[in-house]
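A closer look at the structure
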Amino acid sequence: MKVYLITILCLLFSHVLPAQKTQSVPTIYVDKNGVMRWSDTRSEASFYGVNYTLPFAHAYRAMNYLSKNHKEAIDKDVYHFARLEFNAYRIHVWDVEISDKDGNLIQNDHLDLLDYLIAKLKERNIRILITTMTNFGNGYPERNKDTGAFSYMYDKCSIHSDENAVKAQENYISQFVKHKNPYTQLSYTDDPYIIGFEINNEPCHAGTPKQTEEYINRMLTAVKKAGNTKPVFYNVSHNMDHVQAYFNTSISGTTYQWYPIGLVAGHTRKGNFLPYVDNYDIPFSGAKGFTNKAKAVYEFDPADITYSYMFPAMARTFRSNGLQWITQFSYDPIDMAWANTEYQTHFLNLAYTPNKAISMKIAAEVAYSQPMNKKYAKYPNDTVFDHFRVSYAQDLSEYNNGEKFFYSNNTTTQPLNKQKLKSIAGCGNSPLVRYEGTGAYFFDRLEEGLWRLEVMPDAVQISDPFAKPSLDKEVVTIIWNEWNMEIDLPGLSQDFKIEAIDKGNSVNRLSKGVGFPVKPGVYLLCNKDYKPVNEWNASAKWNNITLGEYVAPKAHAGKFSVAHQPAIVAETGKALKITANIVGPSFPDSVIIYTDKISFWSQNNPYIKMTRAHGYTYEASIPADMIEEGTFRYNIIVSKNGKDITYPDAIAGNPLDWDFYQNRYYESRITNADSPLELFSASDNYGSMETYAIPETSYIRSKATGMSSIKYTFHIKNKEARFFWKKYIKEYIVNRKESLDKVNDICLNLKATDDIKKLKIGFVTSDGYTYTSLIDLNSSTDMYRIPLSGLVQDKTVMLPAPYPVFLDRYFVPQTPIPFNIKNIESLVISTIEDVSENSSVDIGNIRLE
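Values in this document were obtained by computation on a predicted structure and should not be read as measured data.

A short note on the side chain of asparagine 340
Its place among the elements puts asparagine 340 in the loop between β12 (325-328) and α10 (354-369). Side-chain polar atoms of asparagine 340 contact the backbone oxygen of glutamine 344, separated by 3.3 Å. Asparagine 340 has contacts with Asp332, His346, Phe347, Pro465, Phe466, Pro469 and Val475, leaving out every residue within four places of it along the chain.

A look at helix α9 (residues 311-320)
Burial analysis of α9 places 10 of its 10 residues in the buried class, which makes it a mostly covered element. Of the positions making up α9, those classed as buried are Phe311, Pro312, Ala313, Met314, Ala315, Arg316, Thr317, Phe318, Arg319 and Ser320. Trailing α9 by a residue or two, glycine 322 shows a phi angle of about 80 degrees, which is positive.

Let's talk about the pairing of β12
Taking every second residue as pointing to the same face, both faces of β12 are buried, with Trp325 and Thr327 on one and Ile326 and Gln328 on the other. Of the strand pairs in this sheet, strand β3 (residues 47-51) and β12 are connected by 4 bridges, and their pairing is parallel. Paired with valine 50 across the two strands is glutamine 328, which belongs to β12. Where strand β11 (residues 294-300) and β12 come together, 2 bridges link them in parallel fashion. Bridge pairing links alanine 296 to tryptophan 325 in β12. At this point the chain moves from β11, through α9, to the parallel β12, and the crossover so formed is right-handed.

As for the sheet that holds strand β13 (residues 384-385)
Ordered in space as β13-β14-β15-β16-β17-β19-β20-β27-β24-β25, the 10 strands form an open sheet in which the pairing is mixed. Edge strands, defined here as strands with exactly one partner in the open sheet, are β13 and β25 (508-510). Pairing analysis gives 6 bridges linking strand β19 (residues 441-447) to strand β20 (residues 450-455), with the strands arranged antiparallel. Within β20, the residue paired with aspartate 444 across the bridge is arginine 452. Here helix α4 (residues 70-83) sits on the sheet in contact with β19 and β20, set at roughly 130 degrees to β20.

A word on the pairing of β19
Looking down a regular strand, the side chains alternate between one sheet face and the other. Here β19 lies mainly inside the structure; 7 of its 7 residues are buried. Two elements, strand β17 (residues 423-426) and β19, share 4 bridges in a ladder whose sense is antiparallel. Within β19, the position partnered with isoleucine 424 by the bridge is phenylalanine 443. Counting the residues in the hairpin turn of β19 and β20 gives 2 residues, including glycine 449, whose phi is positive at 90 degrees.

Brief notes about a nonpolar patch on the surface
A cluster of nonpolar side chains, Tyr140, Leu263, Val264, Tyr803 and Val805, forms an exposed patch at the surface whose accessible area comes to about 450 Å². One can find leucine 263 in the loop between β10 (253-258) and β11.

Concerning the confidence of the model for the protein
Scored by pLDDT, the protein has a mean of 95; 97% of the residues are at 70 or more. In this model, residues 1-21 is a region of pLDDT below 50 whose contacts with residues beyond four sequence positions or in other chains number 7 contacts.

Some details on the state of the cysteines
All chains considered together, the criterion is met by 1 disulfide. The disulfide that involves cysteine 157 links it to cysteine 204, with 1.9 Å between the sulfurs. Note on the cysteine 157 and cysteine 204 pair: the S-S dihedral is about 90 degrees, so by sign convention the disulfide is right-handed. Within this pair, whereas cysteine 157 is found in the loop between β5 (127-133) and α6 (163-177), its partner cysteine 204 is found in the loop between β8 (194-200) and α7 (209-225), the two being separated by 47 residues in sequence.

Describing the packing of α6 against α7
Across the interface, α6 lies against α7 with an axial gap of 8 Å and an inter-helix angle of 30 degrees. Relative to α7, α6 is oriented roughly parallel. For the pair α6 and α7, the sense of crossing is right-handed. Residues Glu163, Val166, Lys167, Gln169, Glu170, Ile173, Ser174 and Val177 of α6 lie in contact with α7, whose contacting residues are Tyr215, Arg218, Met219, Ala222 and Val223. In terms of residue class, the contact of α6 with α7 is made up of 7 nonpolar, 2 polar and 4 charged.

Notes on empty space enclosed by the protein
Tallying each qualifying case throughout the model produces 4 cavities of 30 Å³ or more. Of the pockets and cavities examined, the largest cavity occupies roughly 90 Å³. As for the largest cavity, its lining consists of 13 residues, of which Gly271, Asn272, Lys726, Val764 and Ser826 are closest to the centre. For the lining of the largest cavity, the secondary-structure elements that each account for two or more residues are β44 (722-728), β46 (758-765) and β52 (824-831). Residues that form the lining of the largest cavity fall into these classes: 4 nonpolar, 6 polar and 3 charged.

Quick notes on the sheet that holds β44
Read across the sheet, 6 strands follow the order β41-β44-β52-β46-β47-β49 without closing on themselves; strand pairing throughout is antiparallel. The open sheet has two edge strands with one neighbour each: β41 (690-694) and β49 (792-794). Adjacent strand axes in the sheet meet at a mean angle of 30 degrees, parallel and antiparallel pairs treated alike.

Focus on the pattern of salt bridges
As enumerated under the stated definition, the model contains 47 salt bridges in all. As a salt-bridge pair, arginine 669 and glutamate 678 come within 3.2 Å of each other at their nearest N and O atoms. The exposure class of arginine 669 is partly exposed, given its relative accessible area of 31%. Note that arginine 809 is salt-bridged to glutamate 696, the shortest N-O span being 2.3 Å.

Examining the packing of α4 against helix α5 (residues 109-123)
The contact between α4 and α5 brings their axes to 10 Å, and the two run at 30 degrees. The angle between α4 and α5 places the two elements in the roughly parallel class. Seen along the crossing, α4 lies across α5 with a hand that is right-handed. Along its contact with α4, which presents His70, Lys71, Ile74, Asp75, Val78 and Phe81, the element α5 presents Asp112, Leu113, Tyr116, Leu117, Lys120 and Leu121. Classifying every residue of the contact of α4 with α5 by side-chain character gives 7 nonpolar, 1 polar and 4 charged.

Some points on α5
Over its 15 residues, α5 extends 21 Å from the first C-alpha to the last, a length consistent with the 21 Å expected when each residue adds 1.5 Å. In terms of burial, α5 is a largely internal element, 11 of the 15 residues being buried. The backbone nitrogen of histidine 110 lies 3.2 Å from a side-chain oxygen of the residue at the head of α5, namely asparagine 108. Looking one or two residues beyond α5, the residue adopting positive phi is asparagine 125, at roughly 65 degrees.

Quick notes on the environment of proline 209
Here proline 209 is to be found in helix α7. Given a relative accessible area of 37%, proline 209 falls into the partly exposed group. Along the primary structure proline 209 and arginine 389 are separated by 180 residues, whereas in three dimensions their C-alpha atoms are 43 Å apart. Look past the residues within four positions of proline 209 in its chain and what remains in contact with it is Asp241, His242 and Ala245.

What counts and how
Residues numbered from 1 in each chain as written. Predicted model: local features only at pLDDT ≥ 70, side-chain atom pairs only at ≥ 80, totals over all residues. Heavy atoms only, no water. Helix = DSSP H or I, 4+ residues; strand = E, 2+ residues; numbered from the N terminus. Polar contact = N/O pair within 3.5 Å; in protein donor to acceptor, adjacent residues only side chain to side chain. Contact = heavy atoms within 4.5 Å. Buried < 20%, exposed > 50% of the residue type's maximum accessible area, 1.4 Å probe, protein only. Pairing = 2+ DSSP bridges. Right-handed = clockwise from strand over helix to strand, strands pointing away. Axes fitted to C-alpha atoms, helices over the stretch in contact; angles between N-to-C directions. Patch = residues over 30% accessible without salt bridge, like charges linked within 9 Å, V, L, I, M, F, W, Y side chains within 5 Å. Areas by Shrake-Rupley, 256 points an atom, 1.4 Å probe, with all protein chains shown as cover. Salt bridge = Lys/Arg side-chain N within 4 Å of Asp/Glu carboxyl O. pLDDT = per-residue confidence, 0-100. Disulfide = S-S within 2.5 Å. Parallel < 35°, antiparallel > 145°, perpendicular 65-115°, else oblique. Left-handed = near helix turned anticlockwise from the far one by under 90°. Nonpolar A, V, L, I, M, F, W, Y, C, P; charged D, E, K, R; others polar. 1 Å grid on protein atoms, 1.4 Å probe; cavity = no way out; pocket = protein on both sides within 12 Å on 5 of 7 lines; lining within 4 Å. Points joined across faces, edges and corners; volume = space filled by probe spheres on them. Expected span 1.5 Å × (residues − 1).

Spelled out as structure tokens, the structure:
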């Protein structure tokens, strides 16, 4: 009853409240030079944040599958947006879920949730860019559900030129922008927190440029007639032959995307991708009208990676190209992030990907602090800029400006000015914080001598988050453990008070020295005799949060999981280190390794004990005398309360039980130290190589020819196409470092070649640099020896293809770095001249000798 009374009062006074609330709220306008500026100060605006889709499509349905409350879920995620200091939110609205066949707006749960989300974002001072239509289905990753909406009646590539479809869109967009949000009592056109509208998401224009221009103008007219005076944006990342048509219209701004390492790999990609994000050249920047349009990034993400070093580098490059609105796609709702089912190629959530989330927080600082169009040195000389640092080797993003010290991973960097620090956010260890947990933490100085500490629970990856998704498969698990934390913060002495202020947390203790045990929650830290200047308690407001607020998923490691990748290859005569992440409802009593040599009938069955190295990481060293040439097979056995579980198949029991029938093992290939370092072989599991073509309209076909080789043929759409083979090989050489030092040649076995005269072969290193050598092919041999001494620094081809399609496909280094065999990470082969449909190459094996 109380809720309904409040709603009625708001409606009764709606003619007064909006004016009172919005008079002092600055809005955004675009000046004649295409710069978004604040209406009050006329200063340049800069935005950074995320896309988030819970009101619609799969995320909406998944909340129902999981019996979650949608609005409570929104509350939780928006709090984390505030913690990461985002000031921007973008969504492409699924028009198929809020419209009918004629484009009439439908008042339903989806629209209500969007309204609620907008209201909650406003409470956190987060601005909003709404893309009014997607013009495609609502299914992914499920099947589409036909709602009878107008977008289901037309093909996406004809919906912008079919007259009836355009009329439906005019009707829809007009009703949408003037829709009144019951939670704010403002229409979208009147809400100052909605900075503008993008007409549609990634349009497909199959008609003429003139038709495209006419379509955009009709949408602009419909929006204007609905009362809109905000900036209107249009996507210019697609349909490159229509670019001038976009700029011929009176749109205020243009939108761009960036997926620098492609999408939907189906697995986690590895390597140094910093060269891929060194530049974002827009080839049509000379188009008439380009300079007076604002530029916004509607979507971006370094997809299919778990690294935390990329986001600030991308933000730097965006800012250097004058982009003012930057929103990642897409933030996973906390209630379903454990499975990463929404978009399997993307994975971002503060609780479940803490390192990436802190990297996003750092990238937001890049967006807010770096001037538009500022130019930077070329990679690798741009990995340190202003107060920021990114490192592939350390998987680290870092921000260190004196008042703020943020780091996405372990760091040894000293804070610029410890005594002036106001905010710390990080994962792992630093000179100020020693912490064994895997979740993120935040320290905020409320006043001199008083700090707020927020600690997230531990997140541990237990399967590949970018593989085929399912709500029946957990990819990251959450554990609530108590760990010791050591801190060195200004204003705190050796003995200080720790008081919990989040709901349900009753901790109130004194530290013993600089260290203290801490579990997930929110705490106030101060000296035991501290007298606060202001009143600070759980309900006190600070910036855009309440001090006692805390959001974290419950612990859900109900059973033990072992995340372990066996060595692909190791050498005889050397101990083999085995590492695994082991998580469960508690720490195991013991973890041991049995090899396949044990037997129920034997009285002597040796085992190797695994010990906890840190966090949830367990290690063991297999003695050299147990490592014999051939295949090393083993199981990991986790024991708790007298019960055993055997991995990799998580079978209850122990291999020495009389009735244990499981016979699957972890396996590593063991070779002699003098044997060649095999990188590719058609006859075993060394045979996988990714294939690419530039442009992508052409492609490579592969077919095994018995056990001796793989035959590659070519589908040609462009006679000037170039073809590439790439394989990540770091895992094939990591246990053969001494042997690697002794190699001199790449040995390439080509069983046959037809109509190909030359190839390039070489490596991509941990620097992201490529070194290659040219091979002249001939029919008199099938074995080619390429001296490593002959490899020369080459341009790095960006594989897979980045989006948008107009981006350059090559990174050309300006700083020479000598080739070092110890740094090789990927094998690359390429054609260098035209090939035909009749061309082919049969690759048998590739090795280092």
